[in-house]
Amino acid sequence: MAVVAVWKCDRDGAMFDNKKDAEEHDKMLELAANITALIERHVAGVSEEASEEIGLMLAKRREVLARACKGKPEDLLTEDENFTESDTHSENVTPLAANQ
């Protein structure tokens, strides 16, 4: 029987095959939670579900958002064409079944 080391993110239970990817995922989720809290404090009438979805979307796209804030706002309009779920490092998530 082989031993496989995995790192588990406490926030959502995602499992990764290396520590760097797990920490990056955890930081993205922390950013999403903080964006969600900011939205809920400053936007009246937004549901908790909607603010969480917005927070997660912005956190996943933090690089393009940073570029837009630094003077390239057009990147926000073209970013979705190039964005895939793999850009969120989901390819590094270790399926639980792989550990059995």
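A brief look at the structure comes next. Keep in mind it's a predicted model, so treat the numbers as computed, not measured.

A separate point is the packing of helix α2 (residues 48–60) against helix α3 (residues 62–69). Interhelical geometry of α2 versus α3 gives an angle of 75° and a closest axis separation of 5 Å. Viewed along their axes, α2 and α3 adopt a mutual orientation that is roughly perpendicular. Contacts between α2 and α3 involve L58, A59 and K60 on the former and, on the latter, R62, E63 and L65. Of the residues that constitute the contact of α2 with α3, the class distribution is three nonpolar, no polar and three charged.

Bringing the nonpolar core into the picture now. Residues C9, A14, F16, A22, M28, L29, A32, I35, I39 and A59 constitute the largest nonpolar core, which totals ten residues. Ranked by the residues each element gives to this core, the list is headed by helix α1 (residues 19–42), at six residues.

This part is about a negative patch on the surface. A cluster of acidic side chains, namely E40, E48, E49, E52 and E53, defines a negative patch on the protein surface. Top contributing element to the negative patch by residue count: α2, with four residues. Position of E49 among the secondary structure elements: in helix α2.

Turning our eyes to something else, we now look at the environment of L65. Mapped onto the elements, L65 comes out in helix α3. Sequence separation between L65 and D75 is ten residues; the distance between their C-alpha atoms is 8.0 Å. Setting aside residues no more than four positions away along its own chain, L65 makes contact with L58 and L76.

Let us look at the pattern of salt bridges. For the coordinates displayed, the defined rule picks out six salt bridges. The partner of E63 in a salt bridge is R62, and the shortest N-O contact between them spans 3.7 Å. Given a relative accessible area of 44%, E63 falls into the partly exposed group. The class for R62 is partly exposed, based on a relative accessible area of 26%. Each of the salt bridges in this network shares a partner with another, and the network as a whole consists of R11, D26 and E30.

Quick notes on the rules
Residues numbered from 1 in each chain as written. Predicted model: local features only at pLDDT ≥ 70, side-chain atom pairs only at ≥ 80, totals over all residues. Heavy atoms only, no water. Axes fitted to C-alpha atoms, helices over the stretch in contact; angles between N-to-C directions. Helix = DSSP H or I, 4+ residues; strand = E, 2+ residues; numbered from the N terminus. Parallel < 35°, antiparallel > 145°, perpendicular 65-115°, else oblique. Contact = heavy atoms within 4.5 Å. Nonpolar A, V, L, I, M, F, W, Y, C, P; charged D, E, K, R; others polar. Core = buried A, V, L, I, M, F, W, Y, C linked by side-chain atoms within 4.5 Å. Buried < 20%, exposed > 50% of the residue type's maximum accessible area, 1.4 Å probe, protein only. Patch = residues over 30% accessible without salt bridge, like charges linked within 9 Å, V, L, I, M, F, W, Y side chains within 5 Å. Areas by Shrake-Rupley, 256 points an atom, 1.4 Å probe, with all protein chains shown as cover. Salt bridge = Lys/Arg side-chain N within 4 Å of Asp/Glu carboxyl O. Lys, Arg positive; Asp, Glu negative; His and termini not counted. Charge placed at Lys NZ, Arg CZ, Asp CG, Glu CD.

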